[in-house]
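So you can see what is in the structure, the chains are spelled out below.
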Amino acid sequence: MCGIWGTLSLGFFACGKYGSTGPIAPDHSAPLKGLFYGGGTQVLVAQLIGSAIVTVATFGVALIVMYGVNALGLLRVSEEGERQGLDLHEHGISAYPEYVISNVGKPSSTVLGGGQH
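A brief report on the enclosed structure follows. The structure displayed is predicted, hence computed values, not measured ones.

**Re the pairing of strand β1 (residues 15-21)**
Strand direction decides the pairing type here: β1 and strand β2 (residues 26-33), joined by four bridges, are antiparallel. Paired with serine 20 across the two strands is aspartate 27, which belongs to β2. Turn length for the β1-β2 hairpin, with the two strands adjacent in sequence and antiparallel, is four residues.

Take a look at the structure:
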C-alpha cells in the first residue's frame with residue numbers, strides 16, 4: 001500500500017518542476033503537474049493504471065506460484081509435525097515451556113482416571 005500511495009501521490013502533488021522521462025534525459029519542456037497543482041487528472045489516471053497493472057500482475061504470479069507449491073504438496077506440514085507441534089518438530093524444543101502440561105508437580109496420591117492406589 002505504501003508503494004501504491006507513493007505512485008499515486010505523484011498524480012496529486014507533482015508541482016511542475018520536473019518533466020516526464022525521455023529516452024536520454026527528462027523532458028523539461030512539458031512539466032508534469034498533479035491534480036492539486038492545476039494539472040488535472042491526466043497524471044493521476046496514468047499512475048492509477050500503472051498501479052493496477054502491477055497489482056494484478058503480482059497477484060496473478062503469486063496465485064500461480066502458490067497453486068504450484070500446493071500441487072507439489074509442499075504447503076502443509078507433515079502429519080507427525082501437526083501432532084507434535086511445529087516448535088518441537090522443527091526445533092526440538094517447545095516455544096512456551098512454561099505452558100506445558102505434565103504430571104511432574106502432582107502429588108503421588110493423585111491418579112488420573114478416578115482410581116486410588
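Picking up after the structure, the text goes on.
**Looking at the pattern of salt bridges**
For the structure shown, the criterion picks out two salt bridges. The residue arginine 76 makes a salt bridge to glutamate 82 at a minimum N-O spacing of 2.2 Å. Using a relative accessible area of 43% as the deciding quantity, one classes glutamate 82 as partly exposed.

The rules behind these values
Residues numbered from 1 in each chain as written. Predicted model: local features only at pLDDT ≥ 70, side-chain atom pairs only at ≥ 80, totals over all residues. Heavy atoms only, no water. Pairing = 2+ DSSP bridges. Helix = DSSP H or I, 4+ residues; strand = E, 2+ residues; numbered from the N terminus. Salt bridge = Lys/Arg side-chain N within 4 Å of Asp/Glu carboxyl O. Buried < 20%, exposed > 50% of the residue type's maximum accessible area, 1.4 Å probe, protein only.

By themselves, these observations are geometric and do not establish any function.
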